[in-house]
Amino acid sequence: MVKGPGLYPEIGKKARDLLYRDYQGDHKFTLTTYTSNGVAITSSGTKKGGLLLADINTQLKHDNITADVKVDTNSKVHTTITVDEAAPGVKAIFSFIAPDQNSGKVELQYLHEYAGISTSLGLTAKPIVNFSGVAGSNQAAFGTDISFDTSTGNFTRCNAGVNFTTSDLIASLTLNNKGESLTASYFHMVSPMTNTAVGAELTHCFSSNENSLTIGTQHLLDPLTAVKARVNNYGKVSALIQHQWRPKSLVTISGEVDTRAIEKSAQVGLAVALKP
């Protein structure tokens, strides 16, 4: 595996995962089983208010080729075919959604010791072209992420970011939404033994002159049980506890309280993921 700056989405990812990953406001159940020939079948259902959303995903791996086929509640079939090491350091991804004839997309990813590049092209007459590139090392990197709509001749996305990494600290700064917002994030590993970490994310919107700040932490109570908590400047406090009751099988309970509207009921989420 190449050690380098990675791809653009990895800028600030550690802080985002700490602050937002695994927090669940709905009820979700996921079951993964494996056939005798190695095909993985994952069934999931999510209850969002009065709605029940479900999907079935099948994954087949053969050598360096992985095929994922997912059928959702709306009878749409999502297909993704991934070829690892199509060339040295290159990953090729082809995806489409049936019956949408304009959903086809081809993506190429290239990882190098000092660079990470991803480019994708929609398979339409006038496609949207995406490009992101990161240059640097696994200690310091700078990158950009842009999308161009050939049908209108406009840039639909234009972001840039910088990332600094030490043995226990990661800091990043990103300019998003065509320069409309600036986000600074911070992740600090306090104790690797207990996976104790703290993180923060501050976003400033130039058009509205508003700031949003989220601060969070995580900690392992024991090797199988983790807790997380976060709070933002809008007065919302969230916490979760996640327990691995058997290998690869997780139960997560999370809750959120709005301290500015304490009379409202707390939002409680439950996620159960079972794997053999």
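Above this note sits the structure.
No experiment lies behind these values; they were computed from the predicted model shown.

Enquirer: Residue-level account of unusual backbone geometry, with values.
Expert: Among all residues except glycine, the phi angle is most often negative; among peptide bonds, the trans geometry is most common. Omega for the peptide link from Ala-98 to Pro-99 comes to 10°, which places this bond in the cis form. Despite not being glycine, Asp-22 has its phi angle at roughly 75°, a positive value. Along the chain, Asp-22 falls in the loop between α1 (13–20) and β1 (27–34). The backbone phi angle of Asn-195 is positive, close to 50°, even though this residue is not glycine. Position of Asn-195 among the secondary structure elements: in the loop between β13 (181–191) and β14 (196–205).

Enquirer: So what about the pairing of strand β6 (residues 90–98)? Which residues, and what values?
Expert: Where strand β5 (residues 77–87) lies against β6, eight bridges are found, and the strand directions are antiparallel. The partner of Thr-80 across the bridge, within β6, is Ser-95. Here β5 hands over to β6 after two residues, with Gly-89 in that stretch at a positive phi of 80°. Pairing of β6 with strand β7 (residues 105–112) involves six bridges; the strand directions are antiparallel. Bridge pairing in β7 places Lys-91 opposite Gln-109.

Enquirer: Any details on the environment of Ile-41? Residues and values, ideally.
Expert: Within the secondary structure layout, Ile-41 lies in strand β2 (residues 40–48). Note: C-alpha distance between Ile-41 and Ile-56 (15 residues apart in sequence) is 7.1 Å. Excluding its chain neighbours within four sequence positions, the residues that come into contact with Ile-41 are Leu-31, Thr-32, Thr-33, Thr-35, Ile-56, Asn-57 and Thr-58.

Enquirer: Now, about the environment of Leu-220: what can you tell me, with residues and values included?
Expert: With respect to the element layout, Leu-220 can be found in strand β15 (residues 210–222). For Leu-220, a relative accessible area of 24% puts it in the partly exposed group. In sequence terms Leu-220 and Thr-124 are 96 residues apart; their C-alpha atoms lie 48 Å from each other.

Enquirer: An account of the nonpolar core is needed here, citing residue identities and associated values.
Expert: Of all hydrophobic cores here, the largest spans six residues; its members are Ala-15, Leu-18, Ile-170, Phe-187, Met-189 and Ala-197. Elements with a contribution of two residues or more to this core: α1 and β13. Excluding residues within four positions of it along the chain, Ile-170 makes contact with Lys-14, Asn-163, Phe-164, Thr-165, Ser-185, Tyr-186 and Phe-187.

Enquirer: So what's going on with the packing of aromatic side chains? Which residues, and what values?
Expert: Across all of its chains, the model carries two aromatic pairs by this definition. Between Phe-94 and Phe-96, the ring centres sit 5.5 Å apart and the planes meet at 45°, which makes this aromatic pair tilted. With a relative accessible area of 31%, Phe-94 lands in the partly exposed category. Take Phe-96: its relative accessible area is 31%, and that puts it in the partly exposed class. Its guanidinium or amino end placed over the ring of Tyr-23, Arg-230 lies 4.0 Å from that ring's centre, counting from NZ or CZ. Just above the ring of Trp-245 sits the side chain of Arg-246; from NZ or CZ to the centre is 5.9 Å.

Enquirer: Would you mind going over α1 in detail, with residue names and values included?
Expert: When we look at burial in α1, the residues that qualify are Ala-15, Leu-18 and Leu-19. Buried residues along α1 cover an arc of 90° about the axis, so they all sit on one side. Against β13, β14, β15 and β16 (225–232) lie the buried residues of α1. One or two positions beyond α1, positive phi appears at Asp-22, with a value near 75°.

Enquirer: Can you explain the pairing of β7? Please cite residues and give values.
Expert: The antiparallel hairpin formed by β6 and β7 contains six residues in its connecting segment. Relative to strand β8 (residues 115–122), β7 runs antiparallel, the two sharing eight bridges. The partner of Lys-105 across the bridge, within β8, is Gly-122. Hairpin connection between β7 and β8: a loop of two residues separates the two successive antiparallel strands.

Criteria and thresholds
Each chain carries its own residue numbering, running from 1 in the direction its sequence is written. Local features in this predicted model are restricted to residues of pLDDT 70 or higher, and side-chain atom pairs are both shown and tallied only at a pLDDT of 80 or more, whereas totals for entire chains, interfaces and linings draw on every residue. Hydrogens and water are ignored here; the side-chain numbers use all heavy atoms of the structure. Here a helix means four or more residues in a row that DSSP labels H or I, a strand means two or more in a row labelled E, and each is numbered from the N terminus. Note on pairing: two strands pair once DSSP finds at least 2 bridges between them. Residues are treated as being in contact if the distance between any of their heavy atoms lies within 4.5 Å. The classification of residues rests on relative accessible area computed with a 1.4 Å probe and restricted to protein chains. Under 20% of the type maximum is buried, over 50% is exposed, and intermediate values are partly exposed. For the purposes of this section, nonpolar cores are sets of buried Ala, Val, Leu, Ile, Met, Phe, Trp, Tyr and Cys residues that join through side-chain atoms within 4.5 Å. Centre distance within 6.5 Å is the pairing criterion for rings of Phe, Tyr and Trp, where only the six-membered ring of Trp is used; planes under 30 degrees apart are then read as stacked, over 60 as edge-to-face, and the remainder as tilted. Any Lys NZ or Arg CZ that is within 6 Å of a ring centre and within 35 degrees of that ring's normal is treated as a charge sitting over the ring. The directions considered for the arc run from the helix axis to the C-beta atoms.

Function-wise, these values are silent; they only describe arrangement.
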